[in-house]
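Chain by chain, the residues:
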Amino acid sequence: MKKLITLSCAAAIVSISAFASQALIEKARSAGLKPISYKTIKELDTKENPLTPAKIKLGQMLYFEPRLSKSGLISCNTCHNLGLGGADGVPVAIGHKWTANPHHLNSPTVYNAVLANAQFWDGRSPHLEDQAKGPMVAPPEMAIDPKIAEERLKSIPTYVELFKKAFPQEKEPITFDNIAKAIGAFERTLITPSRFDAFLRGKTNALTKEEKEGLALFIDKGCTSCHTGQALGGTMQPFPAVKPYPYAHVGDFKGDKDGRVKVPTLRNITETAPYFHNGAIWTLAEAIKTMGSTQLGIEISDAEAAKISTFLGSLTGKKPAIIYPILPASTLSTPKPDAN
């Protein structure tokens, strides 16, 4: 009889726990948090840049292609390293001639970037294909002349064939626009679903008790006023909103014309330190507390920051398998690298 009562109590506790978890799921959804919804790559398609295996394959090669930089040394992967959470692990992006970004801007992760409403810290690009052009031509980054980029690829027979397959309807497929489209197509595949998505879909045991406590606190403190949607970020918001940002003196970035800054995704956030647009904060706990004061006007205690950090760990997702491509050799007609 005693054993029967014990089993009944255990069942009741499990039932209560499942009920509480379901209530938390509803609370999270009501706060605007959404699971990554795509089932196939085609769901990330766009009318302007239809995804095809040929285009994605080409885009992956170009993503790792250092000859798309003036020096022949820097690729997209230099600052958005897919082995380092899609970022570079340093406070400020370093580019051509070892130049630090003049505004002291940190490299944001490329993982899940497709889920954002805008690209760049000031939101000036509407999508990945447009964003891909910026770093290639920027003097402090890859510093390439678009015509030189085209000439280099046209001089390599393998790329000529790959562009024909990726853009079969075009008479002259190797253009700077198509270089960016291919890179954007590949970047659209860099989605990292995590246990959190399973939880939002109803798998109540996908998160630990501690992670659920952190999620509840994340919502109650008001973090979802900015970090929402599938990306838990990706929109443009005023920054700072309530109190001064304590590291505003690091660099001169002021956001867009309205003082708004792109909200970074929180997915894989444990892998992408340092934090904020100027890479001034190295610990997740300090970043959480700073957001509390700067954006919400509240004080978040060390214990609360630790709980929220625990929840954020559940956003570390499964990365797509990426095989570093073997790039085709240059030819005698390939424009030479220029480190000056």
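Procedures and definitions
Residues numbered from 1 in each chain as written. Predicted model: local features only at pLDDT ≥ 70, side-chain atom pairs only at ≥ 80, totals over all residues. Heavy atoms only, no water. Helix = DSSP H or I, 4+ residues; strand = E, 2+ residues; numbered from the N terminus. Contact = heavy atoms within 4.5 Å. Areas by Shrake-Rupley, 256 points an atom, 1.4 Å probe, with all protein chains shown as cover. Core = buried A, V, L, I, M, F, W, Y, C linked by side-chain atoms within 4.5 Å. Buried < 20%, exposed > 50% of the residue type's maximum accessible area, 1.4 Å probe, protein only. Polar contact = N/O pair within 3.5 Å; in protein donor to acceptor, adjacent residues only side chain to side chain. Axes fitted to C-alpha atoms, helices over the stretch in contact; angles between N-to-C directions. Parallel < 35°, antiparallel > 145°, perpendicular 65-115°, else oblique. Nonpolar A, V, L, I, M, F, W, Y, C, P; charged D, E, K, R; others polar. Left-handed = near helix turned anticlockwise from the far one by under 90°. Salt bridge = Lys/Arg side-chain N within 4 Å of Asp/Glu carboxyl O. Phe/Tyr/Trp six-rings, centres within 6.5 Å; stacked < 30°, edge-to-face > 60°. Lys NZ or Arg CZ within 6 Å of the ring centre and 35° of its normal.

The subject of this paragraph is the overall build of the protein chain. Summing up its helical and strand segments, the protein chain has 11 helices and 4 strands in all. Across its three principal axes, the protein chain shows a C-alpha extent of roughly 85 × 45 × 30 Å. Put simply, of all contacts in the protein chain between residues at least 6 apart along the chain, 73% involve residues at least 24 apart. Of the roughly 16500 Å² of accessible surface on the protein chain, a fraction of 61% belongs to carbon and sulfur atoms.

Moving on, we come to the nonpolar core. Across soluble globular proteins, nonpolar side chains show a tendency to be buried alongside one another. Counting residues in hydrophobic clusters, the biggest one holds 42 residues, and the most contacted among them are Leu58, Leu62, Leu68, Tyr159, Phe163, Ile179 and Ile183. Mapped onto this core, the elements with two or more residues apiece are helix 2 (53–63), helix 4 (128–137), helix 5 (146–154), helix 6 (157–166) and helix 7 (176–187). Ranked by residues supplied to this core, first place goes to helix 7 with 7 residues. Those residues in contact with Leu62, other than ones at most four positions away along the chain, are Leu68, Leu153, Tyr159, Phe163, Ile179, Ala182 and Ile183. Counting residues in each nonpolar core, the second largest holds 35 residues, with Ala28, Phe196, Ile219 and Ile281 among its members.

Take Cys76: it is sitting in helix 3 (residues 76–79). Judged by relative accessible area, which is 12%, Cys76 ranks as buried. Those residues in contact with Cys76 that sit more than four places away from it in its chain are Tyr63, Met142 and Ile183.

Before going further, it helps to spend a moment on the side chain of Thr290. Within the secondary structure, Thr290 sits in helix 10 (residues 284–296). Exposure remark for Thr290: the relative accessible area of 8% places this residue in the buried category. Polar side-chain contacts of Thr290 include one of 2.8 Å to the backbone oxygen of Glu286. Aside from chain neighbours lying at most four places away, what touches Thr290 is Tyr245, Pro246, Phe276, Ile281 and Gln295.

A word on helix 2. Of all the 11 residues making up helix 2, 8 are buried; the element is thus mostly covered by neighbouring parts of the structure. When we look at burial in helix 2, the residues that qualify are Lys55, Ile56, Leu58, Gly59, Gln60, Met61, Leu62 and Tyr63. Buried residues along helix 2 sit in contact with helix 3, helix 5, helix 6 and helix 7.

Helix packing geometry: the angle between the two helix axes and the distance between the axes. Where helix 2 meets helix 7, the closest approach of the two axes is 7 Å, and the angle between their N-to-C directions is 100°. Classed by the angle they form, the pair helix 2 and helix 7 counts as roughly perpendicular. Residues Lys55, Ile56, Leu58, Gly59, Gln60, Leu62 and Tyr63 of helix 2 pack against Ile179, Lys181, Ala182, Ile183, Ala185, Phe186 and Glu187 of helix 7. For the contact of helix 2 with helix 7, the residue count by class is 9 nonpolar, 2 polar and 3 charged.

With respect to the helices and strands, the residue Asp220 is situated in helix 9 (residues 209–220). Placed 189 residues apart in sequence, Asp220 and Ala31 show a C-alpha to C-alpha distance of 9.6 Å. For Asp220, the side chain forms a polar contact with the side chain of Lys27, separated by 2.6 Å.

Now for the packing of helix 9 against helix 11 (residues 302–312). Two elements in contact, helix 9 and helix 11, have axes separated by 7 Å at closest approach and are oriented at 110°. Classified by the interaxial angle, the pair formed by helix 9 and helix 11 is roughly perpendicular. Helix 11 is crossed by helix 9, and the crossing has left-handed handedness. Side by side, helix 9 and helix 11 meet where Glu210, Glu211, Glu213, Gly214, Leu215, Leu217 and Phe218 of the first sit next to Glu304, Lys307, Ile308, Thr310, Phe311 and Leu312 of the second. Along the lines of polarity and charge, the residues of the contact of helix 9 with helix 11 split into 6 nonpolar, 2 polar and 5 charged.

Moving on, we get to the pattern of salt bridges. As enumerated under the stated definition, the model contains 16 salt bridges in all. Residue Arg124 is joined to Asp122 by a salt bridge in which the shortest nitrogen-to-oxygen separation is 3.0 Å. When the shortest N-O distance is used, the salt bridge between Asp177 and Lys133 registers 2.5 Å. One end of the pair, Asp177, is in helix 7; the other, Lys133, is in helix 4, with 44 residues separating them in the sequence. Among the residues examined, Asp177 registers a relative accessible area of 43% and is labelled partly exposed. We classify Lys133 as partly exposed; its relative accessible area is 25%.

It is worth spelling out the packing of aromatic side chains at this point. Enumeration over the complete set of coordinates arrives at 10 aromatic pairs. On the basis of an interplanar angle of 70° and a centroid distance of 5.9 Å, the ring pair of Tyr245 and Tyr247 is categorised as edge-to-face. For Tyr245, a relative accessible area of 6% corresponds to the buried category. On the basis of relative accessible area, Tyr247 is assigned to the partly exposed category, the value being 24%. Chaining the aromatic ring pairs together yields one cluster made of Tyr63, Phe64, Phe186 and Tyr324. The ring of Phe120 is capped by Arg124, whose NZ or CZ atom sits 3.7 Å from the centre of that ring. The ring of Tyr111 carries the charged tip of Lys319 above its face, separated from the ring centre by 5.8 Å.

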